[in-house]
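Residues per chain, in single letters:
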Amino acid sequence: MSSGHHVPTIGMCVRVWLALLVLTGFTIFIASQDLGVLNTPVALLVAITKATLVIVFFMGVKWNTPLTKTVAVSGFVWLLILFFMGMNDYLTRGWLGVAGR
Amino acid sequence: MSNSTSPVSVAKPHPKLQSHFFSMDQQLEASTLGMWVFLVTEVMFFGGLFMAYIVYRHMYPHAWVEASAELNWKLGGLNTGVLICSSITMALAVRAAMIGNRTQQLINIALTSILGATFLVVKFFEYKAKFEHHLVPGPHFDPSLEQGMQIFFSLYFVMTGIHALHMVIGLGIMAYIFIQAWKGTYNAEYFAPVEVSGLYWHFVDIVWIFLFPLLYLLGAHGA
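Summary of the structure given here. (Residues numbered from 1 in each chain as written. Chains lettered and ligands numbered in written order. Predicted model: local features only at pLDDT ≥ 70, side-chain atom pairs only at ≥ 80, totals over all residues. Heavy atoms only, no water.)

A word on the overall build of chain A
Helix and strand counts for chain A come out as 3 helices and 0 strands. In terms of overall dimensions, chain A has a C-alpha envelope of 70 × 40 × 10 Å along the principal axes. Burial status across chain A gives 32% buried among its 101 residues. Restricting to contacts in chain A with at least 6 residues of sequence separation, those with at least 24 account for 47%. (Helix = DSSP H or I, 4+ residues; strand = E, 2+ residues; numbered from the N terminus. Buried < 20%, exposed > 50% of the residue type's maximum accessible area, 1.4 Å probe, protein only. Contact = heavy atoms within 4.5 Å.)

Examining empty space enclosed by the protein
Residue and element names in this part refer to chain B. Applying the stated criterion across every chain yields a total of 1 cavity of 30 Å³ or more. In this structure, the largest cavity occupies an estimated 40 Å³ of space. For the largest cavity, the full set of lining residues is Met-24, Gln-27, Leu-28, Glu-189, Tyr-190, Phe-191 and Ala-192. A total of 3 residues in the lining of the largest cavity trace back to one element, the largest contributor, which is helix H1 (residues 24–59). Partitioned by chemical class, the residues of the lining of the largest cavity number 5 nonpolar, 1 polar and 1 charged. (1 Å grid on protein atoms, 1.4 Å probe; cavity = no way out; pocket = protein on both sides within 12 Å on 5 of 7 lines; lining within 4 Å. Points joined across faces, edges and corners; volume = space filled by probe spheres on them. Nonpolar A, V, L, I, M, F, W, Y, C, P; charged D, E, K, R; others polar.)

Quick notes on the packing of aromatic side chains
Residues and elements named next belong to chain B. All chains considered together, the criterion is met by 16 aromatic pairs over all chains. Three or more aromatic residues joined by ring pairs make a cluster, and in this case those are Phe-119, Tyr-127, Tyr-156, Phe-157, Trp-208, Phe-212 and Tyr-216. Directly above the ring of Trp-182 sits Arg-102, whose terminal nitrogen or CZ lies 5.0 Å from the centroid. (Phe/Tyr/Trp six-rings, centres within 6.5 Å; stacked < 30°, edge-to-face > 60°. Lys NZ or Arg CZ within 6 Å of the ring centre and 35° of its normal.)

With respect to the interface of chain B and chain A
With 50 residues of chain B at the contact, the number on the chain A side is 51 residues. Scanning the region where chain B abuts chain A turns up 0 salt bridges. Contributions of two or more residues to the side of chain B that touches chain A are made by H1, helix H3 (73–98) and helix H6 (192–216) of chain B. Among the residues forming the side of chain B that touches chain A, the class breakdown is 33 nonpolar, 11 polar and 6 charged. (Salt bridge = Lys/Arg side-chain N within 4 Å of Asp/Glu carboxyl O.)

That is the geometry; function is a separate question.
Next up, the structure:
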């Protein structure tokens, strides 16, 4: 059995690093523009892109086994369940009258 | 690999191979998987705080923007850049361990530590300014703040405080792997400790990637 670890290249690391810096500059610039309700979604989209770059390349999930990939993704899926169910509750509380309140 | 003259030639296991693992590859895979399971619990831990952030921001949208404008986005942005730089040095430290280059390991672990410490120094000055402006939860909290702003600052200090605590722990881990790298512990066969330390460090960076726009940049437009 050969020990075939993927060794990331320096060029790949530098490209990811530059992309992260450019995206940081972009998110700061876009925050200075008034996009109305779109400011936060755009900021989140940039943050998610940056996080994905770090996870896939710097953390090397791209070269991990399917089991590790599944575990890594599961954490974020669970987080979305928390946000979805949590806001499902808070956003709909005022919709119906509650007996006795 | 020395050629054994013994008729029963059994390859000597790597000294760092634990007896319950079949091979170094399997051991590394188990370490990586175990670290990811821990990081999933960390995602949920910070996730609860982000959930609180979403709920209160939904309740006090105006106070959120006002309070966010009190934060220094320039220092926050500087710290974002510092952490991104520490992430590439960490990735290069893991790479150096994989190819067994001791000098590169030491340089990159040291750079990562210096950048991590820089982050904490900047954070110290940010916190100091908040104390001077009476924006810290406690007896000297500014009582004239709009309703909801106190909640923002409470969340700000809990989230960035716990993040900073993770940074301090990360610096301790860096000190440990620096000493081990100094002794020449890590090489192409055995680098799992550097690998999992890197996973932890990058995770702490990711938390900040979300904290920065959500805490600092709300008030940056139109303020």
